[in-house]
Protein chains: 2
Amino acid sequence: MTDSNDGNGGTGAATASVSSSSGRAGMQLGYTPLYMQVRQQLLDKLISGEWQPGTLLPSEQQLSVQMGVSQGTVRKALDALSADRIVVRHQGRGTFVAEHDQRRTLFQFFKIADDKGDRVLPETVYSQLKRAEPSASESRLLGLRPKGDVWRIVRHRALKGRVMLSEQIVLSADRFPGLDVHVPLPNNIYELYERHFVTTVTRAAEQLRAVAASAEDADVLGCSEHMPVLQIDRQAFALNGALVELRRSRCLTEQFHYASDLR
Amino acid sequence: MTDSNDGNGGTGAATASVSSSSGRAGMQLGYTPLYMQVRQQLLDKLISGEWQPGTLLPSEQQLSVQMGVSQGTVRKALDALSADRIVVRHQGRGTFVAEHDQRRTLFQFFKIADDKGDRVLPETVYSQLKRAEPSASESRLLGLRPKGDVWRIVRHRALKGRVMLSEQIVLSADRFPGLDVHVPLPNNIYELYERHFVTTVTRAAEQLRAVAASAEDADVLGCSEHMPVLQIDRQAFALNGALVELRRSRCLTEQFHYASDLR
DNA sequence: TGTCCAAACTCTTATATAAAAGTTATAGGT
DNA sequence: ACCTATAACTTTTATATAAGAGTTTGGACA
């Protein structure tokens, strides 16, 4: 902690053991509040895998003693992590590392809903995995080493017995070693990343376009060629901010739609 | 304030003048924290139009005295409103009622981006307004009185000189009396709602589908018939939660796309 | 007139304290 | 075995206090 940014208010004599990120005093740009430093420290434990998903964290009291800050500061840090859905807090029970259970997948990462507006998770009816060479852009986006391979996953997914989504997923083979051992892949693939590859997807960006179904799309989705389908390109990011998954989905939107909340 | 839900912690003798919503003590279900009651009281002033968009609110100190709660409780209420983008807070300046300026429209309500990922607000190249009878579903969704009319707005919007979006907007004629006086309508239509009709849009829900361009779409957008276009259905909600606008957009997605953040 | 500094104001951060609300485990009764 | 009360824990709410950070304003001064 720098002298200028000590930030010890109040009357207590808390000897904060939290160190500032950039050492010198008299920092001109930026200034990191104590609770954000605490947030980052907690986040580091999650990134390292020291606290696995589902783990019960120490209580606010315990953490405040461990880290040498007040309970209120720990609370602000945990609230910030909670807002990013990185931890989940339950009054009376404690604070847990968020898991990729069905509900989270449904509400955070799956935006397809039926005409009543209910989110429905489709079942995987076909799945294929193979190792391949990445394209130039894939290699760049995923930050692969030269000659680094990728996994390519193709899945067909159905709702109410009707195949309505075809998706291609691209992953770094280095980050997901031995992924082929887990074939057949589970429907909830982010849970797999998290359980076996210390990779927690916390955030994703999607780009949507209306395109004409290719001959292959038509075959898979059981529609005519050139039928309008919704193309969804997704980039998924891990706890440390790294882009870890590329995905392209093509989706029929006759009985279903993509739901987006603007708030 | 009920006895059971007094919630006066601390050592102070604050005589909270905030009244509980449901009177009897021993309430079984629900319990509204004091800061949420304060939030609602502040929100009521916004809904009534007593505090217009752009207004500087009283300071936390002043509000805490006025409402008979602590400054920290006012802070929690204002933070909650800030999270919903209903007010905007600036350190050193104060708390302001959020306005529908260009930036807000761009980042909260317009999700079209170019291939670099930059949000771009399209210009209106054609605009038409007429009074008409609502369909049954429009009447129901907008909560119109029997025989209540609607306004229908048709707009064509262009990016970089290219018409790429055609939209139809439906509004209650009762809620927007004399809307035709404001023809030609400004590009930022939510600013118009807010300035002249005490209607602040705070939240919207969108449903996206890929559909084939109709003959009319093809004419407007300058594409061939049956070309895949992105159809966006929007319901926009006001401060009090009422559905105040229905909108259907059809959008070319060759050079642009709909950007959705999953977090 | 123009510049600089200090005061006064805002929100923000940080602390401490206390009580309420909700959960879980334990002990004791029927 | 089952239910109940209780104790011990958790997060959540509410308060008070103090100092930091950022903005605006007004006055001293050149």
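Just above sits the structure.
Note that this is a predicted model, so its numbers are computed, not measured.

(A) Geometry of the interface of chain A and chain B. Listed as interface residues are 29 residues of chain A and, on the opposing side, 29 residues of chain B. Summing both partners gives a buried area of about 2400 Å² for chain A against chain B, and 52% of it is carried by carbon and sulfur. Applying the counting rule to chain A against chain B returns 2 salt bridges. Between Asp-115 of chain B and Arg-209 of chain A there is a salt bridge, with the nearest N and O atoms lying 3.3 Å from each other. Scanning the region where chain A abuts chain B turns up 16 residue pairs in polar contact (both at pLDDT 80 or more). Contributions of two or more residues to the side of chain A that touches chain B are made by α4 (102-109), β7 (201-212), β8 (228-238) and β10 (256-262) of chain A. For the side of chain A that touches chain B, the element with the most residues is β7 of chain A, which contributes 11 residues. Residues of the side of chain A that touches chain B, tallied by class, amount to 14 nonpolar, 6 polar and 9 charged.

(B) The arrangement of the relation of the copies chain A and chain B in detail. Rotating chain A by 180 degrees and moving it 0.0 Å along the rotation axis overlays it on chain B with an RMSD of 0.0 Å. The superposition of one copy onto the other is thereby described by a two-fold rotation axis. A share of 100% of the interface residues of chain A reappears at the interface of chain B, consistent with the copies meeting face to face through the same patch.

(C) Seen up close, the packing of aromatic side chains. Residue and element names in this part refer to chain A. Applying the stated criterion to the full structure yields 8 aromatic pairs over all chains. When the ring of Tyr-190 is compared with that of Tyr-193, the centres are 5.4 Å apart and the planes differ by 45 degrees; the resulting orientation is tilted. Of this pair, Tyr-190 and Tyr-193 both sit in helix α6 (residues 189-196), separated by 3 residues, roughly a single helical turn. Exposure remark for Tyr-190: the relative accessible area of 3% places this residue in the buried category. The buried category is assigned to Tyr-193, whose relative accessible area is 0%. Following the ring pairs from residue to residue traces out a cluster consisting of Phe-109, Phe-176, Tyr-190, Tyr-193 and Phe-197. Note that Lys-76 overlies the ring of Tyr-35, its terminal NZ or CZ placed 4.4 Å from the centroid.

(D) Fine view of the nonpolar core. In terms of nonpolar packing, the biggest core is built from 81 residues, with Ile-112 and Leu-179 of chain A together with Ile-112 and Leu-179 of chain B touching the most fellow members. Setting aside chain neighbours within four positions, we find Leu-179 of chain A in contact with Leu-129, Trp-151, Ile-153, Leu-171, Leu-185, Leu-192 and Phe-197 of chain A.

(E) Quick look at the pairing of strand β5 (residues 150-159) of chain B. Residue and element names in this part refer to chain B. Of all 10 residues in β5, 9 are buried; the element is thus mostly enclosed. Sheet topology note: the strand β4 (residues 123-132)/β5 ladder contains 9 bridges and is antiparallel. Opposite Glu-123, over in β5, you have Ala-158 as the bridge partner. Taking the residues between adjacent antiparallel strands as the criterion, β5 and strand β6 (residues 162-172) are bridged by 2 residues, where Lys-160 takes a positive phi near 55 degrees.

Conventions used here
Residues numbered from 1 in each chain as written. Chains lettered and ligands numbered in written order. Predicted model: local features only at pLDDT ≥ 70, side-chain atom pairs only at ≥ 80, totals over all residues. Heavy atoms only, no water. Contact = heavy atoms within 4.5 Å. Buried area = accessible area lost by both parts, 1.4 Å probe. Salt bridge = Lys/Arg side-chain N within 4 Å of Asp/Glu carboxyl O. Polar contact = N/O pair within 3.5 Å; in protein donor to acceptor, adjacent residues only side chain to side chain. Helix = DSSP H or I, 4+ residues; strand = E, 2+ residues; numbered from the N terminus. Nonpolar A, V, L, I, M, F, W, Y, C, P; charged D, E, K, R; others polar. Least-squares fit on C-alpha atoms with pLDDT ≥ 70 in both. Phe/Tyr/Trp six-rings, centres within 6.5 Å; stacked < 30°, edge-to-face > 60°. Buried < 20%, exposed > 50% of the residue type's maximum accessible area, 1.4 Å probe, protein only. Lys NZ or Arg CZ within 6 Å of the ring centre and 35° of its normal. Core = buried A, V, L, I, M, F, W, Y, C linked by side-chain atoms within 4.5 Å. Pairing = 2+ DSSP bridges.

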